[in-house]
Amino acid sequence: MKHAVSNVMNEILFVLLFVRMRLVHRQTLNSKGILLIRFSHIGDFVLWLDAAKEFRHIYPEEKITFVCDRYKDVCMLAEKTGYFDEVIVLRTRGIGRIFGIFKAMRLKCRIVINADPSRTVLSDLIVLAVQAQERIAQKADTTRMSKRQVRRSDGVYHRIIRCGGIHTMELIRNAQFIRGLSKDNTFCAAVPQIAPLLPQSEVRKTLHLPDRYFVLCPGGEVPQKYWDAKKYAAVLNKIFAQERSLYCIVVGTTGEENELQKICQHINTVEKKRILSRIGKTSLIDYIELIRCAAFLLSNDTSAAHIAAATGTQAVVIAQSWDWGRFYPYRVEQHIQKQCCPRSVHAHKACAGCAAYGIRPGRFPCLVDGRVLCIRQIMVEQVMAQVQQVLETRQ
């Protein structure tokens, strides 16, 4: 019911804002500045950073403003990058989107750019609300909008840039968009980088970190995508048996403690003291630096995996099949020294890429005991083989 009401609200707002856009166009002829809109989770934002830094080169004389969601917690990192002159946070959830749209209606710029490769009706509404001389976007896929909605929203933009489809790796897709915007076609996709945000000594002291540790992230966006706790425990037992001085730091958001408790039920009693929980106890900056200082990361498909890549930490990621090609494995167009791509483990189901066929987040047709099939079928031996390779490279 809530979803249906939200859709109706979006449709009404789209019509009203489209009419308003036509009426106020002449008032924006002398406006200046570039407005970038991207409503993304931390992981997607980190993947975008390699491309985000290029807007400064494309528009060197313009003020660049970045607009993001309040609830997705990217504001702090966006400000730390230095890529933007200003960061504006909008309310976009529930009735709060009305206030977010009213705030957007007061914004004026020369160009507004929807930088999301998987556009949503919501991001298009914000683009409509902004008073701009020109509107630019990437050709949307149909993972988050219907074909009808895509055709309708495309009419809002003065310029649509065609990039690779749903199976094109996100880094390359972002680079294609930059090349489409710029007269210079030399920009090539690389692994994003996050510069140190805190001294390592301060991080270790604040979070009471051991000398040698790896990071475990057993939670994520939705429980259906979690790997089985018993399998995680089996991998941890093997790591502890092999690496006697290595500790495990567990991270995640408040509410994911249950996953750690399930894992600990299957950990050898004497080794439980080597598992230290920091779930819900870190700021975003602490979280990033904790991963940077780690020997490696073991994780579900979460933002932690992309943060690990951006901080030069090796990662083993248990990934669902529908992300195959788009998010994993990493593919780049230029190789930079010391860049670190996550090692993704997949079940390689025949249904890989099902997100391209209209299956929306939260609607899983293949659940078995509350987990999607392509996650359940990943075996301990597959994950341990990748962990073993990481351990060997660090010796």
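The coordinates are above.
Since the structure is predicted, the reported quantities are computational estimates derived from the model, not experimental observations. (Residues numbered from 1 in each chain as written. Predicted model: local features only at pLDDT ≥ 70, side-chain atom pairs only at ≥ 80, totals over all residues. Heavy atoms only, no water.)

Peer 1: How do you make sense of a positive patch on the surface when you look at a structure like this?
Peer 2: Positive charge collects at one region of the surface, where Arg70, Arg91, Lys103 and Arg106 lie side by side. Relative accessible area serves as the criterion here: at 36%, Arg91 is assigned to the partly exposed category. (Patch = residues over 30% accessible without salt bridge, like charges linked within 9 Å, V, L, I, M, F, W, Y side chains within 5 Å. Areas by Shrake-Rupley, 256 points an atom, 1.4 Å probe, with all protein chains shown as cover. Salt bridge = Lys/Arg side-chain N within 4 Å of Asp/Glu carboxyl O. Lys, Arg positive; Asp, Glu negative; His and termini not counted. Charge placed at Lys NZ, Arg CZ, Asp CG, Glu CD. Buried < 20%, exposed > 50% of the residue type's maximum accessible area, 1.4 Å probe, protein only.)

Peer 1: Is there a simple way to explain the environment of Ile378 in this structure?
Peer 2: Along the chain, the position of Ile378 falls in the loop between α14 (373-376) and α15 (380-393). Considering only alpha carbons, one finds Ile378 and Asn258, 120 residues apart in sequence, at a separation of 21 Å. Among residues more than four places away in sequence, those in contact with Ile378 are Trp227, Lys231, Ile318, Ala319, Val345, His346, Ala347 and Val383. (Helix = DSSP H or I, 4+ residues; strand = E, 2+ residues; numbered from the N terminus. Contact = heavy atoms within 4.5 Å.)

Peer 1: It is not clear to me how the pattern of salt bridges should be interpreted in this structure. Could you clarify?
Peer 2: Any two side chains of opposite charge can pair, on the condition that their charged atoms come close. With the rule as written, the count across this model stands at 21 salt bridges. Note that Arg119 and Asp124 form a salt bridge whose closest N and O atoms lie 3.2 Å from each other. Here Arg119 falls in the buried class, since its relative accessible area comes to 0%. With relative accessibility at 0%, the residue Asp124 sits in the buried group. The partner of Asp141 in a salt bridge is Arg326, with the nearest N and O atoms 3.7 Å apart.

Peer 1: Which parts of the structure should I look at to understand the nonpolar core?
Peer 2: In summary, soluble globular proteins display a tendency toward joint burial of nonpolar side chains. Counting residues in hydrophobic clusters, the biggest one holds 68 residues, and the most contacted among them are Trp48, Phe55, Phe66, Phe84 and Ile113. Among the elements that line this core, the one with the most residues is helix α2 (residues 42-52), at eight residues. In contact with Phe55, other than residues within four places in its own chain, are Leu36, Trp48, Ile64, Ile113, Phe177, Ile178 and Leu181. Counting 36 residues, the second largest nonpolar core, distinct from the first, contains Val235, Leu260, Ile263 and Ile267. (Core = buried A, V, L, I, M, F, W, Y, C linked by side-chain atoms within 4.5 Å.)

Peer 1: What am I meant to see in helix α7 (residues 147-154) here?
Peer 2: Given 3.6 residues to a turn, an α-helix orients residues that are three or four positions apart in the same direction. The complete set of buried residues in α7 reads Gln149, Val150, Ser153 and Asp154. Take α7 and look down its axis: the buried residues cluster within an arc of 130°, on one side only. Turned more than 90 degrees from where α7 packs its buried face, Lys147 and Arg151 sit exposed. (Arc of directions from axis to C-beta.)

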